[in-house]
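These are the residues of each chain, in order.
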Amino acid sequence: MITELGHFALILAFFVAIVQTFVPLVGAQKGWRSWMAVAEPAASAQFMLTAFAFGALMWAFISSDFSLLLVVQNSHSAKPMLYKISGTWGNHEGSMLLWVLIVSLFGAMAAWFGTNLPPSLRARVLSVQGAIGVAFFAFILFTSNPFTRLAVPPFDGQDLNPLLQDPGLAFHPPFLYLGYVGLSMTFSFAVAALLEGRVDAAWGRWVRPWTLAAWIFLTIGIALGSWWAYYELGWGGFWFWDPVENASFMPWLLSAALFHSAIVVEKRDSLKSWTILLAILAFGFSLIGTFIVRSGLLTSVHAFANDPERGVFILMILGFFTGGALILYAFRATTMEAKGVFGLVSRESALLTNNILLAVSCFVVFVGTMWPLVAEMFFDRKLSVGPPFFNMAFTPFMLVLGLVLPVGAMLPWKRAQIKKAIYPLRYAFVLALAIAGLVWAMQTGRSVLGPMGVFLAAWIVMGAVIDLMSRTGRGKDRFGRLMRLPRADWGKMLAHSGLGITMLGVAGITSWSYEDIRVAQIGQPYDVGAYTILLNGVSDFEGPNYLATIADITLSQGGQILSQMKPEKRIYLVAQMPTTEAAIDYNLARDVYVVIGDEQDAGGWAVRTYVKPLTNWIWIGCFLMALGGCFSLSDRRFRVAAGARKSNAQAVPAE
Amino acid sequence: MKRLVFILMLIASPLWAVEPDEILDDPELEARARVISKGLRCLVCQNESIDESHASLARDLRLLVRERLVVGDSNDQTVEFIVERYGEYVLLQPRASGSTLVLWAAGPLMLLLAAGMGFIYLRGRSSATEGSDAALTDVEKTRLREILDSNS
């Protein structure tokens, strides 16, 4: 019964979204207040109906209702409760429902908190957001209905893919979707502004918090996914340049570019046309991401195996929204003339450089991701584009970005002198070079990437701190002034430092990792680098829905025991699939990562040990970036600008 | 139960990539083999190199790579040997030849284009004259006055 109600609520939400698309749009065009006012209750209703449908599906998973096809395919009565809940979105249909739930959530947020927007702009924004909802409701209802019943329910389900039975699934997709779909809000603002024919500083101010929020969610989502892959896939990789990872990375790059360029729109009334284009493209890329995951066109570990019908449907959605918005843009872009005047060297030009680097690096990722398709379709060459290509083609952009970032961040608006901006950074530069030199001297015959990463990290972090300090002026009470600086300044410092720290982690793991593969005999210790590994024994264990072989390993260094490690390998009985559960000894300097393999015929067990230096800084850096974003979101002048409404998330991103 | 585990482990594919018995005695050759396997795609997997993959085909390829190295082939010869049998698809880093040149050139070309456009835009901005500050409409001016008045 609840299932049918959920299905019905979804259909109702579809119709509400249709109303939300057309009535406010006509109202805004004709200037009819009452028609524009429909948008707000419609957005609320759409959200509540979708939330009900989502709740109904979740209930079916929790109660293991095997009369639902989706539950049969992705659940099992013996599965732990956490994975029954997160299993709701661990499949194609359920994740689409989550997607559309977030679309409607953002629409409702804009309706609830956007009361200080001009009424016509607000009506148009909600109308565009409604249209996105319509498309995805239709997609779910016509091609991927999660509420399909079975006439003859089986006795039990087929279980969820074991790799997904991890707390990672509970958080990684929702955060990613909040990010992807958050960009739909920026898109709606961009299209509404084009319809309105007016892009000004105020528009920049409204759009920034949404972009920033989407970017924060994407940052967290990507970092969680990377961490999950790191500990779950069993060999300690953190980024694979997989098509689906790229699909989330491209919107991240573009949204980072977008909230930087929105600063220029707001403060200097320039770069407007480019910012609108970025807003359209950023959401376009998040739709492309959906297309890549759902169509099965590009093979990837993430792909929900799929039929082409869905791919075509999403391609149509993609074509309609991005194509439509771009056509609108082509007609209206010329009306947006820049007003600000600034020199070749200025904060504006620095932000433009940031945008060029981010957008072109995104383009490189895009071309690399799509090239196998292009090559096969047009050149009849079946080829692969993998990590070696991306590492080579993408990394230079990040190196240049890291190199110019501290200088660009110090430049004043309008007209700057490069000398004056570099002067306070001179010690930081020398010190960073010295540290990198030291690191380079200490390593022997390894890649130059390590020292480069260390240099960039030191340079960016010190640059960010110097930039923050430079805002406190001279004389007494600098500390007090530091504490009273706008949160946006703190956000900028944190986010930029975070980027530097992530670069440090990436440099560490890629250049100084080492590994050991061998057959370990029980009771015979051996050395891996500075560490000693001792296999004490191996035992069997029966989990709720799997069988495990658990090794007991003592990790020590110089006779001192560091930790007892228990790497596992599991067999999931229903899914008939083995997984590895690595044991990791974490600390800030390095991770020791141990995986147990098969028992050998000649006795002993295969054991793999990896030592991965500086790994955790990758995720600490991501966390700092997200935290910096949150600081900026809560900046005082935007809370003031938002009036008494505290929850209105108007903000300044890290500039 | 234990027997069941054992049977299941036999059915299941090996859990991880490079197995101890594959490793060559000569550490130098082994290091080269690892470098080569990181650049070769596991043909039955999804975007994994043979160095990372658990699949049995990947294992066969790893052994093949090592076989060639032991015979005395150079890295390039080994890769060439495998490409001849499995096609260009096996390379994770496509060769810069023919139409693939477009792939390699796309990034640098786009950067040049973007930098050029950015420069033209910046020059236009720096030589433009500051527009009047009449960016505010009358309504906005009134509103601004209200805000300023209410604050003072």
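It should be emphasised that the depicted structure is a prediction, and the values quoted were computed from it without experimental measurement. (Residues numbered from 1 in each chain as written. Chains lettered and ligands numbered in written order. Predicted model: local features only at pLDDT ≥ 70, side-chain atom pairs only at ≥ 80, totals over all residues.)

Draft legend 1. Examining the overall build of chain B more closely. Within chain B, the regular secondary structure consists of 6 helices and 0 strands. When burial is assessed residue by residue, chain B has 24% of its 152 residues classed as buried. A separation threshold of at least 6 residues defines the contact pool for chain B, and within that pool the share at least 24 residues apart is 50%. (Helix = DSSP H or I, 4+ residues; strand = E, 2+ residues; numbered from the N terminus. Buried ≥ 20, exposed ≤ 12 C-beta atoms within 10 Å, placed from the backbone. Contact = placed C-beta atoms within 7 Å.)

Draft legend 2. Representation of the confidence of the model for chain A. Model confidence for chain A is summarised by a mean pLDDT of 87, while 94% of its residues fall at 70 or above. Below pLDDT 50 for its whole length, residues 640-655 of chain A participates in 45 contacts with residues either more than four positions away or in separate chains. (pLDDT = per-residue confidence, 0-100.)

Draft legend 3. Examining the interface of chain B and chain A more closely. Facing 44 residues of chain B, the contacting portion of chain A comprises 55 residues. Secondary-structure elements contributing two or more residues to the side of chain B that touches chain A are helix 1 (2-11) and helix 5 (100-127) of chain B. Of the residues that constitute the side of chain B that touches chain A, the class distribution is 25 nonpolar, 12 polar and 7 charged. (Nonpolar A, V, L, I, M, F, W, Y, C, P; charged D, E, K, R; others polar.)

Draft legend 4. Here's a closer look at the domain arrangement of chain A. All names here are of chain A. Segmenting chain A into domains produces domain 1 (2-332 + 344-375) and domain 2 (514-616). Put simply, the middle of domain 1 and the middle of domain 2, counted by C-alpha atoms, are 39 Å apart. Between domain 1 and domain 2, the contact holds 12 residues from the first and 14 residues from the second. A class-by-class count of the residues in the side of domain 1 that touches domain 2 yields 5 nonpolar, 5 polar and 2 charged. (Domains from an automatic or database assignment.)

Draft legend 5. Representation of the sheet that holds strand 1 (residues 514-520) of chain A. Residue and element names in this part refer to chain A. One open sheet accounts for 4 strands, arranged 1-10-9-8; its pairing is antiparallel. Only two strands of the sheet have a single neighbouring strand rather than two, namely strand 1 and strand 8 (583-586). Across this sheet, the average inter-strand angle for adjacent strands is 15 degrees, counted without regard to direction. Pairing between strand 1 and strand 10 (residues 605-613): 7 bridges, direction antiparallel. Note that in strand 10 the partner of Tyr514 across the bridge is Val611. (Pairing = 2+ DSSP bridges. Axes fitted to C-alpha atoms, helices over the stretch in contact; angles between N-to-C directions.)

Draft legend 6. How the structure looks around the pairing of strand 7 (residues 577-581) of chain A. Residue and element names in this part refer to chain A. Pairing geometry for strand 6 (residues 568-572) and strand 7, over 5 bridges, is antiparallel. By the bridge assignment, Arg570 is partnered in strand 7 with Thr579. In this structure, the hairpin formed by strand 6 and strand 7 is closed by a connection of 4 residues, where Gln576 is found at a positive phi of approximately 55 degrees.

Draft legend 7. Summary view of the environment of A:Phe8. Looking at the secondary structure, you find A:Phe8 in helix 1 (residues 2-30). Along the sequence, A:Phe8 and A:Leu160 sit 152 residues apart, while their C-alpha atoms lie 27 Å from each other.

Draft legend 8. How the structure looks around the nonpolar core. Residues and elements named next belong to chain A. If you look at the biggest cluster of nonpolar residues, it comprises 207 residues, and the most contacted ones within it are Phe136, Phe189, Leu254 and Ala279. Ranked by residues supplied to this core, first place goes to helix 9 (residues 201-232) with 17 residues. Ignoring anything within four residues of it in the chain, the contact list for Leu254 reads Leu278, Leu281, Ala282, Phe285, Ala359 and Cys362. Of all hydrophobic cores here, the second largest spans 20 residues; its members include Ala520, Ala582, Ile584 and Val607. (Core = buried A, V, L, I, M, F, W, Y, C linked by C-beta atoms within 7 Å.)

Draft legend 9. View of helix 17 (residues 449-470) of chain A. Given a rise of 1.5 Å per residue, 22 residues ought to cover 32 Å, and the 31 Å separating the end C-alpha atoms of helix 17 of chain A matches this to within 8%. Among the 22 residues that make up helix 17 of chain A, 16 are buried, leaving the element largely enclosed by the rest of the structure. (Expected span 1.5 Å × (residues − 1).)

Draft legend 10. Broad picture of the packing of helix 13 (residues 347-378) of chain A against helix 5 of chain B. Contact geometry of helix 13 of chain A with helix 5 of chain B gives a least axis separation of 9 Å together with a crossing angle of 155 degrees. Comparing their axes, helix 5 of chain B and helix 13 of chain A come out roughly antiparallel. Both helix 13 of chain A and helix 5 of chain B take part in a crossing whose hand is right-handed. Along its contact with helix 13 of chain A, which presents A:Ser349, A:Leu352, A:Ile356, A:Ala359, A:Val360, A:Phe363, A:Val364, A:Val367, A:Gly368 and A:Trp371, the element helix 5 of chain B presents B:Leu103, B:Ala106, B:Gly107, B:Met110, B:Leu111, B:Ala114, B:Ala115, B:Gly118 and B:Leu122. For the contact of helix 13 of chain A with helix 5 of chain B, a count of residues per class yields 15 nonpolar, 4 polar and no charged. (Parallel < 35°, antiparallel > 145°, perpendicular 65-115°, else oblique. Left-handed = near helix turned anticlockwise from the far one by under 90°.)

Draft legend 11. View of the confidence of the model for chain B. Residues and elements named next belong to chain B. Per-residue confidence for chain B averages 78 on the pLDDT scale, and 82% of its residues sit at or above 70. Residue range residues 1-15 is modelled with pLDDT below 50. Its contacts to residues more than four positions away, or to other chains, number 21 contacts. For this predicted complex, the interface score ipTM comes out at 0.82, alongside a pTM of 0.89.

Draft legend 12. Representation of unusual backbone geometry within the structure. Residue and element names in this part refer to chain A. Despite not being glycine, Asp380 shows a phi value in the positive range, around 55 degrees. With respect to the secondary-structure elements, Asp380 resides in the loop between helix 13 and helix 14 (387-410). For Lys414, which is not a glycine, the phi torsion comes out positive at approximately 70 degrees. Note that Lys414 resides in the loop between helix 14 and helix 15 (418-422). Accessibility expressed as a C-beta count within 10 Å gives 15 for Lys414, which makes it partly exposed.

Draft legend 13. Summary view of helix 19 (residues 487-512) of chain A. In a regular helix each residue adds 1.5 Å, so 26 residues correspond to 38 Å; helix 19 of chain A covers 37 Å between its end C-alpha atoms and thus fits that length. Counting buried positions over the 26 residues of helix 19 of chain A gives 24, a clear majority of the element.

Draft legend 14. Inspection of the pairing of strand 3 (residues 531-542) of chain A at higher detail. All names here are of chain A. With 3 bridges connecting them, strand 2 (residues 526-528) and strand 3 associate as antiparallel partners. Bridge assignment links Asp527 to a residue of strand 3, and that residue is Thr532. Summarising the sheet, strand 3 and strand 4 (residues 546-557) pair through 10 bridges and their orientation is antiparallel. Bridge assignment links Leu535 to a residue of strand 4, and that residue is Ile553.

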